[in-house]
Structure formats: structure tokens, C-alpha cells
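# Architecture and fold: a report
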Amino acid sequence: MTTRTNTEWLSALRETGQSQESAVKELRQLLHRAIFSFLSRKGATSAAGPSYDQDDLAEDCAQESVLLIQSKLDQFRGDSQFTTWAYSIAIRVTLNELRRRRWRTSAIEAARLGDAMPHWPIDNPGPERNLEQQQAWAILTELIETALTPLQRKALIAHAFQEMPLDLVAEWLGTNRNSLYKLIHDARKRLQAALLSRGVTHRELIAIFDTPRPERPYLEDGKKSFFTASND
């Protein structure tokens, strides 16, 4: 297998005939090996379901990646090796495919899509922190229920909390990805505004779940945390 420069990759993939066929075949083989290695490290095929063969999954994703890469050649800026750029696209394609396959085998009933918020999985963080997280989660759940439109709520819950892939959410709602992106973007802006009306930023809310209390001085800063009960 030849070693191509960035310019040679771009030129060959843009040509027609034997030169392009050779480059496409070489790229597909490179991506297949990279994806297969990624799946082996991650143990991802078991997450996708027991009926999926790792080599077949790698081949499917490699072929899809090649088509996507060919459509994005004009977006390659040359900041890295062409193959590095191609690998990053292939891994994203693979992760999306894993999510789609995992979703199809999930236990969430269609009638509950975009309906109920899940309980936050708190793993014994301690009594004080547990209470703080539960209070924060209750407020977030309330705002999702009251501050969003029904369509925004369905889309956000299905994608962000029930882990439904974006393309499947779009198909389920009878829309396209661009419209869905805007719908979820607007939903997040509404949530941020609703949080601010309660005197807290979305970053403070995230910190409650992500960062231990001693590392969150901006939540204390001479005043009680919004999410902890006041003794006043």
C-alpha cells in the first residue's frame, strides 16, 4: 500500500476512473482497520447488541465514512495529515452507528419517547451532596416541564435524556436535522433563561453534578447555594 501526501489523497479522490477507485479502496481499508481497532478497544459491539459482527460493523462504517469524506473534501484545511482527519470522521460515524443500533435494542417503549424525565443516577455522593443534587434535578425537571413548548420538551428529553440519536429523533418528529438542531438550541436557551429567572446559571447547575463542593467557590461566595436549604 502506497503512502500518499495530503495533496495526493485529495487529487486522487477527486479524479475519476482507476486512480479514484484505487484511492477509495485504499482509504476504505485504512478506515476499516482503524474502526476495527477502535471497536476492539471499546468493546463497543456488545453495547450495540449481540447480533452484530465486529468486522461487518467496521466494514459498514468504513464504507459510509468514505462516502462522507468524499463529500467533505473541500472542508479539509490541511492542518493535519489527511488520514488523521479521515480517521476522526470515521470514528464519529462509528459512534453514531453504535448509538443507532443500541437505541433500536433499548427497552424504552415508543409511547414513552420524549415523555418522562429519568431519575438522576446518584451513586452515594454523601448525604449533603445527595440532597443538593436531588434538589437541582427537581428544579431542572420542573423547568423542562413548564418553560419549554411540548415539541421542545419531547425533542430534548428523547435526545438528551433517553439517548435517542438525532437522526432518529428527526425521523420520529417528522422533521430534518437542521430544524431539529434549531429546536433543541431554542429549548436550551429557554432553559437557561428560566434558570436565570431563579437566580442561577446553567454552569452552576452543571457544577452541582460535575464538581465536588470545595471546587465550586462561585456557588458559595458569601451567600448560600441556590440549591441548598436556607436557615434564615
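Note that the structure is a prediction, hence the values are computed from the model and not measured. (Residues numbered from 1 in each chain as written. Predicted model: local features only at pLDDT ≥ 70, side-chain atom pairs only at ≥ 80, totals over all residues. Heavy atoms only, no water.)

## Here we look at the overall build of the chain
The test is simple: Each helix is a run of DSSP H or I of at least 4 residues and each strand a run of E of at least 2, with the numbering of both proceeding from the N terminus. Residue contacts are counted whenever heavy atoms from the two residues lie within 4.5 Å of one another. All accessible areas in this document rest on Shrake-Rupley with a 1.4 Å probe, and a residue is counted as covered only by the protein chains that are shown.
Looking only at helices and strands, one finds 11 helices and 0 strands in the chain. Within the chain, contacts between residues separated by at least 24 positions form 62% of all contacts whose residues are at least 6 apart in sequence. Summed over its atoms, the accessible surface of the chain is roughly 13800 Å², and 50% of this surface lies on carbon and sulfur atoms.

## Digging into the packing of aromatic side chains
Where two aromatic rings form a pair, the distance of their centres and the angle of their planes describe that pair. To keep things clear, this is the line we draw: Here a Phe, Tyr or Trp ring, Trp counted by its six-membered ring, pairs with any other such ring whose centre lies within 6.5 Å, and the pair is stacked when the planes are under 30 degrees apart, edge-to-face when over 60, and tilted otherwise. Classification of residues uses two cut-offs on accessible area relative to the type maximum, computed with a 1.4 Å probe and protein chains only: under 20% is buried, over 50% is exposed, and between them is partly exposed.
The full count for this structure, using the stated rule, is 4 aromatic pairs. Here the aromatic rings of F76 and F82 are separated by 5.5 Å at their centres, their planes lie at 85°, and the arrangement is edge-to-face. In this pair, the class of F76 matches that of F82, namely buried. Pairing F76 with W85 gives two aromatic rings, centres 5.2 Å apart and planes at 50°, and the pair type is tilted. Exposure remark for F76: the relative accessible area of 11% places this residue in the buried category.

## Considering the environment of A158
Here A158 shows up in helix α7 (residues 150-161). The spatial distance from the C-alpha of A158 to the C-alpha of V169 is 7.1 Å, given a sequence separation of 11 residues.

## With respect to the pattern of salt bridges
Stated formally: Basic side-chain nitrogens of Lys or Arg form a salt bridge, by our definition, when they fall within 4 Å of a carboxyl oxygen of Asp or Glu.
Using the criterion set out here, one finds 7 salt bridges in the structure. Between E145 and R153 there is a salt bridge; the shortest N-O distance is 3.8 Å. Of the residues examined, E145 reaches a relative accessible area of 49% and is grouped as partly exposed.

## Considerations on the environment of L13
Within the secondary structure, L13 is located in helix α1 (residues 6-14). Remark: the alpha-carbon pair of L13 and V66, spanning 53 residues in sequence, is separated by 9.9 Å.

## Examining helix α4 (residues 54-71)
The line we're drawing: Each helix should span, by expectation, one fewer than its residue count multiplied by 1.5 Å. The arc refers to the directions leading from the helix axis to the C-beta atoms. Side-chain atoms alone can form a polar contact between residues adjacent in sequence; in general such a contact is a pair of N or O atoms within 3.5 Å, and within protein one must be able to donate a hydrogen while the other accepts it.
With 18 residues, α4 should reach 26 Å at 1.5 Å per residue; the first-to-last C-alpha distance of 26 Å fits that figure. Every buried residue of α4 is listed here: Q54, L57, A58, C61, A62, S65, V66 and I69. Buried residues of α4 fall within an arc of 165° about the axis and therefore sit on the same side. Exposed and facing more than 90 degrees away from the buried side of α4 are L67 and S71. Capping the start of α4, D53 holds a side-chain oxygen 3.0 Å from the backbone nitrogen of D55, two or three residues further along.

## Description of the side chain of N6
Along the chain, the position of N6 falls in helix α1. Residue N6 is classed as buried on the basis of its relative accessible area of 19%. Within the structure, the side chain of N6 is placed 2.8 Å from the backbone nitrogen of F82, a separation counted as a polar contact. If near-sequence neighbours (up to four positions away) are discounted, N6 is found in contact with F76, G78, S80, Q81 and F82.

## A few points about the nonpolar core
Buried together is how nonpolar side chains tend to be arranged in soluble globular proteins. The following threshold applies: We call a set of buried Ala, Val, Leu, Ile, Met, Phe, Trp, Tyr and Cys residues a nonpolar core when their side-chain atoms join them within 4.5 Å.
Of all hydrophobic cores here, the largest spans 28 residues; its most connected members are I144, L180 and L191. Mapped by element, the contributors of at least two residues to this core are α6 (127-147), α7, α8 (166-173), α9 (177-197) and α10 (202-210). Not counting residues up to four positions away in its chain, the partners in contact with L191 are L140, L143, I144, L148 and L156. Listed in part, the 27 residues of the second largest apolar core include L10, A12, L30 and A90.

## Brief notes about the confidence of the model for the chain
Regions with low pLDDT should not have their predicted coordinates read in detail. Which entries qualify depends on this criterion: In predicted models, pLDDT denotes the confidence assigned by the predictor to each residue on a 0 to 100 scale.
Confidence along the chain averages 78 in pLDDT terms, with 73% of residues attaining 70 or more. By mean pLDDT, the top-scoring element of the chain is α1 (94), and the lowest-scoring one is helix α11 (residues 217-220) (34). Note that pLDDT drops below 50 for residues 211-232; the model gives that stretch 36 contacts with residues more than four away or on any other chain.

## Details of the packing of α7 against α9
Here is the rule: For helices, the fitted axis covers only the stretch in contact; all axes are lines through C-alpha atoms, and the angles between them, taken along N-to-C directions, range from 0 to 180 degrees. Roughly parallel means an angle under 35 degrees; roughly antiparallel, over 145; roughly perpendicular, 65 to 115; everything else is oblique. Put simply, Ala, Val, Leu, Ile, Met, Phe, Trp, Tyr, Cys and Pro go in the nonpolar bin, Asp, Glu, Lys and Arg in the charged bin, and everything else, Gly too, in the polar bin.
Contact geometry for α7 and α9: axes closest at 9 Å, N-to-C directions at 100°. Regarding the angle of α7 to α9, the classification is roughly perpendicular. Contact residues: α7 offers L151, Q152, A155, L156 and H159, while α9 offers L180, L183, I184, D186, A187, R188, R190 and L191. Of the residues assigned to the contact of α7 with α9, the class counts are 8 nonpolar, 2 polar and 3 charged.

## Observations concerning the packing of α8 against α9
In the contact formed by α8 and α9, the axes pass within 9 Å of each other and the chain directions differ by 95°. Comparing their axes, α9 and α8 come out roughly perpendicular. Across the interface between the two elements, L166, D167, V169, A170 and L173 of α8 pack against R177, L180, Y181, L183 and I184 of α9. In terms of residue class, the contact of α8 with α9 is built from 8 nonpolar, no polar and 2 charged.

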